[in-house]
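# Overview (structure and organization)
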Amino acid sequence: MDDRKNTIAGWALFAGIIALGAALLTGEIFHDDDFDSCTAGDGYCPSYVADASVPTGDVEAEQPIAFYLAQGDATRGESQFAKCQACHAINQGGANGIGPGLYNTMGNPIAGHAGYSYSDALAGKGGNWDWDNMNEWLKKPSAFAPGTKMSFAGLPDPQDRADIMLYMNQMGSGIAIPPPPPPVSEDEAAAEDAAADGDAQTAEDTNVELNEDEVEGTGDAGGVDVPEAQ
Ligand code: HEC
């Protein structure tokens with residue numbers, strides 16, 4: 001008799017666990033539906049989706065320089081240029097100092113300023129200054145031209161580099177500013193990130209833990225696997 005009661009109780013518990021598992025599963029499906037039909041930040045999303053739109057580690061990944069140029073500001077660049085002034089004049093006809101005069105540099109030959117004695121490292125580069133190579137140079141001169149005598153660590157912030165380049169571009173004949181990269185692909189990337197983060201969050205759902213606790217106390221029924229979030 002006792003045995004049978006135990007068996008019945010066991011099956012009841014077992015059924016309960018199956019039901020809980022099923023509930024979890026449907027919960028998952030609804031979660032996914034919610035996510036598909038919402039856009040992060042529009043107010044209709046579960047909070048974790050909205051949170052996922054806040055840039056995290058990805059903020060370190062640099063955009064193409066055209067992105068920073070598009071939102072750049074030559075006036076800000078002019079004040080940033082204070083960092084360069086100890087060694088560079090940038091006014092028209094400005095004298096060479098520790099570094100060459102920088103008037104009309106953008107679009108013109110690298111190491112081309114008359115009367116300045118460049119290092120072999122920079123003189124051997126060849127080509128003209130454009131947005132890409134100037135960006136690399138200002139990021140870390142010693143990496144762009146190993147052995148350069150410009151003893152300046154570089155500007156780690158891409159926006160600072162863009163701003164200074166826009167200012168340098170104004171101080172001379174100037175070259176065309178590239179169009180900003182299409183914003184569509186950026187949104188797509190953000191949506192993909194949000195999806196990945198959203199799923200990760202679901203897998204941590206506390207309901208799953210609760211269920212595992214119950215399974216632990218039920219002997220045989222412990223073999224029932226609670227479906228995990230994908
Ligand atoms: C400590 C002095 C120093 C500072 C600070 C400095 N530079 Fe220079 N810069 C130099 C020297 C020296 C050279 C020549 C490098 C060589 O010949 O290897 C140079 C070269 C350059 C060139 C190449 C010019 C050409 O004719 O091809 C550019 C562009 C330049 N610097 C921009 C900047 C900017 C922008 C800043 C500020 C963010 C800056 N530099 C800060 C010393 C400096």
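Scanning the chain from terminus to terminus reveals 10 helices and zero strands. In sequence order, the secondary structure elements of the chain are arranged as α-α-α-α-α-α-α-α-α-α. Here the chain holds 230 residues, and 30% of them are scored as buried. Of the roughly 14,100 Å² of accessible surface on the chain, a fraction of 54% belongs to carbon and sulfur atoms.

Okay, the coordination of the iron atom of the ligand next. His88 (NE2) and Met150 (SD) make up the full set of protein donors to the iron atom of the ligand, lying at 1.9 to 2.2 Å. Given six donor atoms and angles of 84 to 178° at the metal, the environment of the iron atom of the ligand is assigned as octahedral. Of the two residues, His88 sits in the loop between α4 (74-80) and α5 (120-123) while Met150 sits in the loop between α7 (141-144) and α8 (158-170), which places them 62 residues apart along the sequence. With a relative accessible area of 11%, His88 lands in the buried category.

Turning to unusual backbone geometry, a few remarks are in order. In this structure, Asn104 is a non-glycine residue whose phi angle is positive, near 60°. Structurally, Asn104 is set in the loop between α4 and α5. The exposure class of Asn104 is partly exposed, given its relative accessible area of 28%. Of note, the phi angle at Ala111 is positive, near 60°, even though the residue is not glycine. On the secondary structure map, Ala111 appears in the loop between α4 and α5.

With 28 residues, the main nonpolar core has Leu122, Met134, Trp137, Leu138, Met165 and Met168 as its most contacted residues. Per-element accounting of this core gives the leading share, six residues, to α8. Filtering out sequence-adjacent residues up to four positions away, Leu122 remains in contact with Ile110, Ala111, Trp129, Trp137, Phe144 and Ala145.

The next point concerns the pattern of salt bridges. One pass over the structure, following the stated rule, counts three salt bridges. Here Arg161 ties to Glu62 by a salt bridge, and the two come within 3.0 Å at their closest N and O atoms. Taken together, the residues span a long stretch of sequence, with Arg161 in helix α8 and Glu62 in the loop between α2 (47-52) and α3 (65-70) at a distance of 99 residues. For Glu62, a relative accessible area of 38% gives the class partly exposed. Ionic pairing is found between Arg76 and Asp163, a salt bridge with its closest N-O pair at 2.7 Å.

Our focus in this paragraph is α8. With 13 residues, α8 should cover 18 Å at 1.5 Å per step; its first-to-last C-alpha distance of 19 Å lies within 8% of that length. Counting buried positions along α8 gives 12 out of 13 residues, so the element sits mostly inside the fold. Where the residues of α8 are buried, they touch α3, α4 and α6 (131-139). One or two positions beyond α8, positive phi appears at Gly172, with a value near 150°.

Neighbouring the ligand are 26 residues; Cys84, Cys87, His88, Tyr118 and Met150 lie closest to it. Between His88 and the ligand, the recorded distance is 2.7 Å, taken from a side-chain N or O atom to a nitrogen atom. Between an oxygen atom of the ligand and a side-chain N or O atom of Thr148, the distance comes to 2.6 Å. With three residues, the single largest contributor to the shell around the ligand is α6.

Procedures and definitions
Residues numbered from 1 in each chain as written. Predicted model: local features only at pLDDT ≥ 70, side-chain atom pairs only at ≥ 80, totals over all residues. Heavy atoms only, no water. Helix = DSSP H or I, 4+ residues; strand = E, 2+ residues; numbered from the N terminus. Buried < 20%, exposed > 50% of the residue type's maximum accessible area, 1.4 Å probe, protein only. Areas by Shrake-Rupley, 256 points an atom, 1.4 Å probe, with all protein chains shown as cover. Donors = N, O, S within 2.8 Å, 3.2 Å for Na, K, Ca; no water. Tetrahedral: all angles 85-135°; square planar, octahedral: opposite > 155°, others 65-115°. Core = buried A, V, L, I, M, F, W, Y, C linked by side-chain atoms within 4.5 Å. Contact = heavy atoms within 4.5 Å. Salt bridge = Lys/Arg side-chain N within 4 Å of Asp/Glu carboxyl O. Expected span 1.5 Å × (residues − 1). Near = heavy atom within 4 Å. Polar contact = N/O pair within 3.5 Å; in protein donor to acceptor, adjacent residues only side chain to side chain.

The values are spatial; any link to function lies outside them.
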